[in-house]
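As a plain string of letters, each chain reads:
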Amino acid sequence: MHRFILSKLGGMLAVLAIVAVLVFVLTRAASGDPVSVLLGDQATADDIARVKKDYGLDQPLPVQFGYWLREVVRGNLGQSIFLQRPVTQALAERAEPTTLLALMAVAIAAAIGIPCGIVSAVYRGSVVDQLFTGVAMLGASIPSFWLGIVLMQMFAVSLGWFPVSGYGAPDAPLAERLHALTLPAIVLGTLNSALIIRFTRASMLDVLGEDYVRTARSKGLPERTVVLKHALRNALVPIVTVLGLTVALMIGGAVVTETVFGLPGVGNLVVSAVLRRDYPVIQGALLVIAAIYVLINFSIDLLYAVVDPRVKF
Amino acid sequence: MPLATPRRDFLQRPLAWALAACLIGAGGPTFAQGPRPYATLAMVAEPQTLDPMASTADLVGTIMQHVYEPLYTFDAKWNVVPMLAESLPKISADGKTYGISLRKGVMLHSGRELNADDVVASLQRWMDTSPRGKAVGKELESIKAKGPLEVELVLKGPYAPLVAQLALPSGMAAIMAKESIASPLKEFVGTGPYRFKERKPDQYVLLTRFDKYSARKEPASGYGGKREALIEELRFVPVPSANTRVEGALAGQYDYADLLPVEALPRLEKASGKTLPIMTPSFGFPYLVLNTKEGVAANQALRRALQTAIGEGEMLAAGFGDTRFFTAEGNHFPKNSPFYSAAGTEQYNQRNAKQAKELAEKAGYKGEPIRVLTSRQYDFHYNMALLMAEQLKRAGFKVDLNVVDWATLVQRRNDSKLWDIYITHSGQFPEPMLSPPQLGDGAPGWWSSPAKQAALSAFNQQSDPAKRGALWGKVQQVVYDEVPYINVGKFASLSAKSPALDNYVPATWPFFWNAKIK
Amino acid sequence: MQLPRIVRQLLHRRIVMVSAAVLLAIVVLALGAPWFASFDPNDTAVLERLKGPSVAHLLGTDELGRDLYARIVYGARYSLAIAALTALGSVVAGTVIGLVAGFFRRLDTPLMRVVDAMMSFPDILLAIALVAILGPSLFNVVFALVLVYTPRVARVVRASTLVVRELLFVEAVRALGVRTSRILWRHILPNLMSPILVQVSFIFAYAILAEAGLSFLGVGVPPEIPTWGTMVAGSQQYASQAMGVVLFPGLAIIFTALSLQLLGDGVRDLLDPKLKKTLS
């Protein structure tokens, strides 16, 4: 058991290390001198040389990587050039809208996807199955900005049920915030439900073919109990895995929806940073986003192993 | 038995959520209306900085003019009137010495009274940092405090636009508390009716009422006169998408929405009371700046060729759509202005691809790409740039369109290695020297030539307004000859306000003192 | 002449045939754009801006008066080309990596760790960062997307390789002295064709959506290149006046992506059942 955890932990750390190297290389490879960008066009050559030394930018790259990593581990992700505040603060400010949106969206995706997937699996091959599968495929083909703009026109502009954009006033209560997030969450949720439908269907089909399901049926239990109580419970584990990973991917992955609806999310932050050449932010945000995914992945793996009796150490 | 419980559970939860959603939905729109202590003002972008001297961007001036005040400002008729100064300056007979007396007892946000040292320090910073300030600084011999409330400026020679330069809100000669002066600015301590409260980049800038504000006594006119902060908190929110600004205005979400695309006017007019459109004709002019220092456009003959290929009329149509919203004319100042002149206007709106191609060949053009810098932040910039690119391509030019974020554009235009043409716009002012900044020194484009010096000195040294008007024609002719920038024409601006915003006076840099929420 | 078994089986399924037909139609339209569109996609006619569908302009015009139908048809060339190149590039690269990882045990773990690392970034964010580094150009967008999707393909190919290894008793064959490259090329690779083809189809679809998203955000292809994504990006603020400018390019994206996915699904359903069972 312990060896299992340790080996998984080792794997996670290895991946994190590679992520750190990737992020570092990516942002350093960017064109433009970060120090001139930082100081602006008022800087003299002396100023630039001095700041370079201060920041350790005159050292060879591996050394710079070491300095950067050391700072990251201490929790210092650097200072944003444009926003003039620590990157960690910029990210923290955006944590709330991003997390709420991700959770709401995944809740909607699950609410649509799981029931449809179950029905699809149970009535496999029927018209309903083909319909749901087709709809799922359609959902995976729709660009999120298109759905976002269309829904915004219908529900926010024409009907006025939701605010057109933004995350609510500076002092808005939670209810107002959630209201502002509803339409974007519906967009993300519907698009992601496609994946959930297909995954649930596949998972249910797998489980329904298993021996113990046949046993339950032969015991004379009503079909509904077999499906909802026995099969679903087992099929649910991988489904929840996918849901968890989907939440992780939406941290930053919801960038297009955030842009359409003007939400101050993490994805949006990265895009603005890219357009403004704010390299510390790009670097810090990418690192945090990937790290969150790796950590969630690791936790799920661990839980999975602990919960599923079939996994042997 | 086991099925009954889960089924009920299953149903209850979605029902509860649906109920909650309905309640939230019902409560939604009310958040934007009703008597409230704040106003939500939708702006075109996130301001690159809150330092009004460090940026010539209108947005920064619009926001920070509530926090900082200049010595002089403009009234409703664009006359210069005193603001922090007690009255108009005492000018010596030779026009070289200006004596400015400050008002007594003007409070700074930090709690003490304003004095001449603050003014001198602020103006020095302005002359070091801002392009217009630098141009003024060149004319200045010395500036010093002659007493606790007296400031004296000595010029090298007569310079007619001085007071107007001190008054313009963009690239403002803002008067700051001496101890707050730093680069970059960390604290914003001014004398304005609002004080800086909080900034969350990409979300909002909050300004709150300054209770100890020292107001002037004259009735309000334009930017001058008495200013009262009747709204407790001003919330400037960046809404970069013009579409979202329009939709937000139509939904009643904003008290003020700035610079809306003019095609939205019919929809705003039909908005059934949620919003009211405000149209300002002859609001400003878009202009192209050419890089005269480095690169392909440094060749004057090539710039003339580019000018020949361009059709300003078509560009304006692309940017603004309906002829109600723009005027295609080559004279930089309208017919009723003392600075009206038709000099050089035969070069305007030529759209002659064939001749442009010939001129380009003669200028030695070898097919190098013309790098055009633009942003999507102002939709008319982008559409005009796209159209211009087509016009240039028709004349055989190779065009490289760089579309960047506005903040990046403002940064990039300071580097002569990165662009050949960029597009921007300015308000239409009664004093020519106020805009574009290329008439000064050191502004992007780096226009500098003997003809420019000659024409501008003659223009600025002439203190008699009647004679000065006629001299603008000579400057305009040089602009058409040397093509450091191209004035594309004049356009009307469209913004919108909510019915709840009362007593709002439309202005080039929208201000919200004296306005109140009903 | 006997058609390959897979093609015969495909011909029996209506949905797959319909989507293949739609795809073919789109490709034909794109390739033959000059014959199918009566306007030049860059012809600006500022007085005709934002008009709805009419006899003259089948799908209406955009904010500069350009014909939407022409832009969509010409835009198809760019959108399809970018997506096709991406699919090709990532499948080739992913196959190589996946094969190596699946075949050579020692290289498996390190390679898969790198793949895992790359897959911890949300696709679109990684693409944005890459294009930001490389600069906005058509080639760079393709390159960035290839980097984004290669890990996905590598994982699938590796999984298939592992299965095929066992099935073909590779250890035994190697013990007999057959050269590794021969094994890979003549024995393993042909068996991977089905999953690879499936991946091509799906990556093609993802790439269309990804390019559109990138261009919409303004960090993809330079805006004067008319792809479906840049069309929506440039015109989205006029959506309230003329929904067509967003609606029609969006529908083009949807139809193409959907057809590709249906095709890919159809092929996947016909995979060698042995392989299919072990893989799911």
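Refer to the structure presented above.
Residues numbered from 1 in each chain as written. Chains lettered and ligands numbered in written order. Predicted model: local features only at pLDDT ≥ 70, side-chain atom pairs only at ≥ 80, totals over all residues. Heavy atoms only, no water.

### Some thoughts on the overall build of chain A
Point 1. Each helix and strand in chain A was counted, giving 13 helices and zero strands.
Point 2. Written out in order from the N terminus, the α and β elements of chain A read α-α-α-α-α-α-α-α-α-α-α-α-α.
Point 3. Here chain A, with 313 residues, has 49% of them falling under the buried criterion.
Point 4. For chain A, the computed accessible surface area is about 14300 Å², with 65% contributed by carbon and sulfur atoms. (Helix = DSSP H or I, 4+ residues; strand = E, 2+ residues; numbered from the N terminus. Buried < 20%, exposed > 50% of the residue type's maximum accessible area, 1.4 Å probe, protein only. Areas by Shrake-Rupley, 256 points an atom, 1.4 Å probe, with all protein chains shown as cover.)

### Quick notes on the overall build of chain B
Point 1. In terms of helices and strands, chain B carries 14 helices and 20 strands.
Point 2. Here the C-alpha atoms of chain B give a radius of gyration of 25 Å, agreeing with the 24 Å that 2.2 N^0.38 yields for 518 residues.
Point 3. Principal-axis analysis of the C-alpha atoms places the extent of chain B at approximately 95 × 65 × 40 Å.
Point 4. If you take every contact in chain B between residues at least 6 apart in sequence, the share linking residues at least 24 apart comes to 73%.
Point 5. Only carbon and sulfur atoms are counted for the fraction: they give 55% of the accessible area of chain B, which is about 20000 Å².
Point 6. One finds the centroid of the 60 positive side-chain charges in chain B at a distance of 2 Å from the centroid of its 51 negative side-chain charges. (Rg over C-alpha atoms; globule rule 2.2 N^0.38 Å. Contact = heavy atoms within 4.5 Å. Lys, Arg positive; Asp, Glu negative; His and termini not counted. Charge placed at Lys NZ, Arg CZ, Asp CG, Glu CD.)

### Section: the side chain of Thr95 of chain C
Residue and element names in this part refer to chain C.
Point 1. With respect to the secondary-structure elements, Thr95 resides in helix H4 (residues 68-103).
Point 2. When its relative accessible area of 9% is taken as the criterion, Thr95 is described as buried.
Point 3. Apart from residues no more than four positions distant in its own chain, Thr95 is found in contact with Ser90, Val153, Val157, Leu189 and Ile196.

### A word on the interface of chain B and chain C
Point 1. Contacts between the two partners involve 20 residues from chain B and, on the opposite side, 18 residues from chain C.
Point 2. Between chain B and chain C the total buried area reaches about 1700 Å² when both faces are included, carbon and sulfur atoms providing 49% of it.
Point 3. It is Asn243, Glu263 and Arg376 of chain B in chain B that bury the most area against chain C; as a group they hold 29% of the surface buried on that side.
Point 4. Counting across the interface, chain B meets chain C through zero salt bridges.
Point 5. Inspection of the region where chain B meets chain C yields zero residue pairs in polar contact (both at pLDDT 80 or more).
Point 6. The set of elements that each furnish at least two residues to the side of chain B that touches chain C consists of helix H6 (242-250), helix H9 (312-320), helix H11 (379-394) and strand E15 (398-404) of chain B.
Point 7. Across the side of chain B that touches chain C, the residue classes tally to nine nonpolar, three polar and eight charged. (Buried area = accessible area lost by both parts, 1.4 Å probe. Salt bridge = Lys/Arg side-chain N within 4 Å of Asp/Glu carboxyl O. Polar contact = N/O pair within 3.5 Å; in protein donor to acceptor, adjacent residues only side chain to side chain. Nonpolar A, V, L, I, M, F, W, Y, C, P; charged D, E, K, R; others polar.)

### A few points about helix H7 (residues 138-167) of chain C
Residue and element names in this part refer to chain C.
Point 1. The first and last C-alpha atoms of H7 sit 42 Å apart over 30 residues, in line with the 44 Å expected at 1.5 Å per residue.
Point 2. The largest bend in H7 is about 35°, located at Tyr149, with the proline Pro151 one to four residues further on.
Point 3. Just past H7, the residue Phe169 takes up positive phi, approximately 50°. (Expected span 1.5 Å × (residues − 1). Bend = angle between axes of the 7 residues up to and from the residue.)

### Considering unusual backbone geometry
All names here are of chain B.
Point 1. Residue Ser435 is joined to Pro436 through a cis peptide bond whose omega torsion reads 0°.
Point 2. Tracing the backbone shows Pro436 in the loop between strand E16 (421-427) and helix H13 (450-461).
Point 3. Residues other than glycine seldom take positive phi values, yet Leu259 does so here, at roughly 45°.
Point 4. For Leu259, the position within the fold is in strand E11 (residues 256-260).
Point 5. The class for Leu259 is buried, based on a relative accessible area of 14%.
Point 6. The phi dihedral of Asn349 falls on the positive side, at around 60°, and the residue is not glycine.
Point 7. Structurally, Asn349 is set in the loop between strand E13 (326-327) and helix H10 (353-362).

### Quick look at the nonpolar core
One broad trend across soluble globular proteins is that nonpolar side chains are buried collectively.
Point 1. Leu71 and Phe397 of chain B are the most contacted members of the largest nonpolar core, which totals 164 residues.
Point 2. Apart from the residues lying within four places of it in its own chain, the contact partners of Phe397 of chain B are Leu302, Ala305, Leu306, Ala309, Ala360, Tyr365, Ile370 and Leu392 of chain B.
Point 3. In terms of nonpolar packing, the next biggest core, distinct from the first, is built from 159 residues, Val15 and Val242 of chain A together with Ile128 and Ala239 of chain C among them. (Core = buried A, V, L, I, M, F, W, Y, C linked by side-chain atoms within 4.5 Å.)

### Re the pairing of E11 of chain B
All names here are of chain B.
Point 1. Taken across its five residues, E11 has five buried, putting it largely inside the fold.
Point 2. Inspection of the sheet shows strand E1 (residues 38-43) paired to E11 by two bridges, in the parallel sense. Paired with Leu41 across the bridge in E11 is Tyr256.
Point 3. Relative to strand E18 (residues 490-497), E11 runs antiparallel, the two sharing three bridges. Among the inter-strand pairings, Leu260 is bridged to a residue of E18, identified as Leu494. (Pairing = 2+ DSSP bridges.)

### Digging into the packing of aromatic side chains
Point 1. In total, this model carries 31 aromatic pairs over all chains according to the counting rule given.
Point 2. When the ring of Phe339 of chain B is compared with that of Phe459 of chain B, the centres are 5.8 Å apart and the planes differ by 70°; the resulting orientation is edge-to-face. Taken as a pair, Phe339 of chain B in the loop between E13 and H10 and Phe459 of chain B in helix H13 lie far apart in primary sequence, 120 residues in all. Residues Phe339 of chain B and Phe459 of chain B agree in their burial class; the two are buried.
Point 3. Considering the side-chain rings of Tyr504 of chain B and Phe512 of chain B, the 5.4 Å spacing of their centres and the 15° angle between planes classify their relative orientation as stacked.
Point 4. With relative accessibility at 0%, the residue Phe512 of chain B sits in the buried group.
Point 5. Through pairs of rings, three or more aromatic residues link up here, namely Phe74, Trp78, Tyr223, Phe429, Trp509, Phe511 and Trp513 of chain B.
Point 6. Positioned over the ring face of Tyr38 of chain B is Arg235 of chain B, at 3.6 Å from the centre of the ring.
Point 7. We note Arg165 of chain C situated over the ring of Phe103 of chain C; from NZ or CZ to the ring centre the distance is 5.4 Å. (Phe/Tyr/Trp six-rings, centres within 6.5 Å; stacked < 30°, edge-to-face > 60°. Lys NZ or Arg CZ within 6 Å of the ring centre and 35° of its normal.)

### Examining the sheet that holds strand E6 (residues 140-147) of chain B
Residues and elements named next belong to chain B.
Point 1. Spatially, E4-E5-E7-E6 is the arrangement adopted by the four strands of the open sheet, whose pairing is antiparallel. Edge positions in the open sheet fall to strand E4 (90-91) and E6, since each of these has one partner strand only.
Point 2. Bridge count for strand E5 (residues 97-101) against strand E7 (residues 150-155) is five bridges, and the pairing is antiparallel. For Gly99, the partnering residue across the bridge sits in E7 and is Glu152.
Point 3. Those strands touched by helix H3 (residues 116-129) are E6 and E7, and its axis lies near 160° from that of E6.
Point 4. On top of the sheet, helix H4 (residues 131-139) reaches E6 and E7; it is set at about 90° to E6, its chief contact. (Axes fitted to C-alpha atoms, helices over the stretch in contact; angles between N-to-C directions.)

### A closer look at the interface of chain C and chain A
Point 1. Contacts between the two partners involve 41 residues from chain C, matched on the other side by 42 residues from chain A.
Point 2. Here chain C and chain A share an interface that buries about 3500 Å² over both sides, 82% of which is from carbon and sulfur atoms.
Point 3. On the chain C side of the interface with chain A, the three residues burying the most area are Phe121, Leu125 and Ile133 of chain C, jointly 18% of the side's total.
Point 4. Counting the contacts that link chain C with chain A gives one salt bridge.
Point 5. A salt bridge links Asp265 of chain C to Arg198 of chain A; its shortest N-O distance comes to 3.1 Å.

### Some remarks on the pattern of salt bridges
Point 1. For the structure shown, the criterion picks out 33 salt bridges over all chains.
Point 2. For Arg152 of chain C, the salt bridge is made with Asp123 of chain C, and the minimal N-O distance between the two is 2.7 Å. Here Arg152 of chain C, found in helix H7, pairs with Asp123 of chain C, found in helix H6 (residues 123-134); they are 29 residues apart in sequence, far enough to count as distant.
Point 3. Taking relative accessible area as the criterion, Arg152 of chain C reaches 25% and is therefore assigned partly exposed.
Point 4. A network of salt bridges, in which partner residues are shared, links Arg70, Glu71 and Arg74 of chain A.

### A look at a nonpolar patch on the surface
Residues and elements named next belong to chain C.
Point 1. Together, Leu24, Val28, Trp35 and Phe36 make up a nonpolar patch on the protein surface, roughly 490 Å² of accessible area in all.
Point 2. Of all the secondary structure elements, the ones that give two or more residues to the nonpolar patch are helix H2 (14-31) and helix H3 (33-36).
Point 3. Mapped onto the elements, Trp35 comes out in helix H3. (Patch = residues over 30% accessible without salt bridge, like charges linked within 9 Å, V, L, I, M, F, W, Y side chains within 5 Å.)

### Side note on the packing of helix H7 (residues 144-158) of chain A against helix H11 (residues 244-269) of chain C
Point 1. Contact geometry of H7 of chain A with H11 of chain C gives a least axis separation of 10 Å together with a crossing angle of 140°. Viewed along their axes, H7 of chain A and H11 of chain C adopt a mutual orientation that is oblique. As for how H7 of chain A packs across H11 of chain C, the hand of that crossing is left-handed. Note on element contacts: H11 of chain C touches H7 of chain A through Val246, Leu247, Gly250, Leu251, Ile253 and Ile254 of chain C, opposite Phe145, Trp146, Ile149 and Val150 of chain A. (Parallel < 35°, antiparallel > 145°, perpendicular 65-115°, else oblique. Left-handed = near helix turned anticlockwise from the far one by under 90°.)

### Some details on the environment of Val505 of chain B
Point 1. Relative to the helices and strands, Val505 of chain B resides in the loop between strand E19 (501-502) and strand E20 (516-517).
Point 2. Take Val505 of chain B: its relative accessible area is 41%, and that puts it in the partly exposed class.

Nothing here speaks to function; it is all geometry.
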